[in-house]
Amino acid sequence: MSDESTGTPAGPQPEPIRFFGTTWVDHTDGYRARRAGVAVGSPAAAVAACFVLRFAYQGLEIADVGKPVNILVVVMFAACSALAFRHTSAAFTKRPDPDRQASLRGLLAIGFIGSLLAYFLRSLTEAPGEKLHRQEYEAAREQHDRRSKRRTGNPSKKRRDS
């Protein structure tokens, strides 16, 4: 069954993944090239971000804010990056709670290097989030197929056991 006007099949549609769209479903339309791009781009962006953070740290040293502030900044970025890494990699296997996600937005923004590294590691095996999206999509397709099975015959002529 398909929708004749749009050419899309009836039933649930796959959810697009950032940078991959819906190519993750059947690994077509440059899927491998996109994965390679993410595998190269995410650590490159992390390295560039480290340079920017280094410049910021040098600015703190030039401003002579004191050793405790310098240490606090380094520890803050390291801790936020570790938490962002853990949160991002967990989000590839199960949907995060939207309320918790909103409350962690600032922490994830500070620890963006950890998120980039989690993206990199996941892109070595699959499109980040592909396993979760595939499970959800296949479950939705299966449920749709079960609901849409047609009955054969006239139900009013069905034999009744007495």
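Read on for an overview of the structure. Just so you know, these numbers come straight off a predicted model, no measurement behind them. (Residues numbered from 1 in each chain as written. Predicted model: local features only at pLDDT ≥ 70, side-chain atom pairs only at ≥ 80, totals over all residues. Heavy atoms only, no water.)

## What to know about the overall build of the chain
For step 1, the next point in the chain: The secondary structure content of the chain amounts to 6 helices and 0 strands.
For step 2, the next point in the chain: When the helices and strands of the chain are read in sequence order from the N terminus, they spell out α-α-α-α-α-α.
For step 3, the next point in the chain: The long-range fraction of contacts in the chain, counting pairs at least 24 apart against all pairs at least 6 apart in sequence, stands at 70%.
For step 4, the next point in the chain: Roughly 11,500 Å² of accessible area belongs to the chain as shown, and the carbon and sulfur atoms make up 59% of that amount. (Helix = DSSP H or I, 4+ residues; strand = E, 2+ residues; numbered from the N terminus. Contact = heavy atoms within 4.5 Å. Areas by Shrake-Rupley, 256 points an atom, 1.4 Å probe, with all protein chains shown as cover.)

## Some details on helix 1 (residues 31-63)
For step 1, the next point in the chain: Taking 1.5 Å per residue, 33 residues should reach 48 Å; helix 1 reaches 47 Å between its end C-alpha atoms and fits that length.
For step 2, the next point in the chain: When helix 1 is considered as a whole, its buried residues turn out to be Tyr31, Val38, Ala39, Ser42, Ala46 and Ala49.
For step 3, the next point in the chain: Buried residues along helix 1 sit against helix 5 (112-123) and helix 6 (130-148).
For step 4, the next point in the chain: Following helix 1 by one or two positions, Asp64 has its phi on the positive side, about 55°. (Expected span 1.5 Å × (residues − 1). Buried < 20%, exposed > 50% of the residue type's maximum accessible area, 1.4 Å probe, protein only.)

## Section: the layout of surface pockets
For step 1, the next point in the chain: Its boundaries defined by the atoms lining it, the largest pocket holds a volume of some 630 Å³.
For step 2, the next point in the chain: Residue lining of the largest pocket: 19 residues in total, with Arg18, Thr88, Ala91, Phe92 and Tyr119 positioned closest to the centre.
For step 3, the next point in the chain: When residues of the lining of the largest pocket are traced back to their parent elements, those giving at least two are helix 2 (67-91), helix 5 and helix 6.
For step 4, the next point in the chain: Here the residues of the lining of the largest pocket sort into 11 nonpolar, 6 polar and 2 charged.
For step 5, the next point in the chain: Its volume calculated, the second largest pocket comes out at about 200 Å³.
For step 6, the next point in the chain: Forming the boundary of the second largest pocket are 13 residues, of which Arg86, His87, Ala90, Arg100 and Leu104 lie nearest the centre.
For step 7, the next point in the chain: Contributing elements (two or more residues each) for the lining of the second largest pocket: helix 2 and helix 3 (98-103). (1 Å grid on protein atoms, 1.4 Å probe; cavity = no way out; pocket = protein on both sides within 12 Å on 5 of 7 lines; lining within 4 Å. Points joined across faces, edges and corners; volume = space filled by probe spheres on them. Nonpolar A, V, L, I, M, F, W, Y, C, P; charged D, E, K, R; others polar.)

## Overview of the pattern of salt bridges
For step 1, the next point in the chain: In total, this model carries 5 salt bridges according to the counting rule given.
For step 2, the next point in the chain: The residue Arg95 makes a salt bridge to Glu136 at a minimum N-O spacing of 2.7 Å. Residue Arg95 is found in the loop between helix 2 and helix 3, and its partner Glu136 is found in helix 6; the two are separated by 41 residues along the sequence.
For step 3, the next point in the chain: The salt bridge involving Arg146 is made with Glu142; its shortest N-O contact spans 3.2 Å. On the criterion of helical spacing, the pair formed by Arg146 and Glu142 is a turn pair, its members being 4 residues apart in helix 6.
For step 4, the next point in the chain: Residue Glu142 is classed as partly exposed on the basis of its relative accessible area of 49%. (Salt bridge = Lys/Arg side-chain N within 4 Å of Asp/Glu carboxyl O.)

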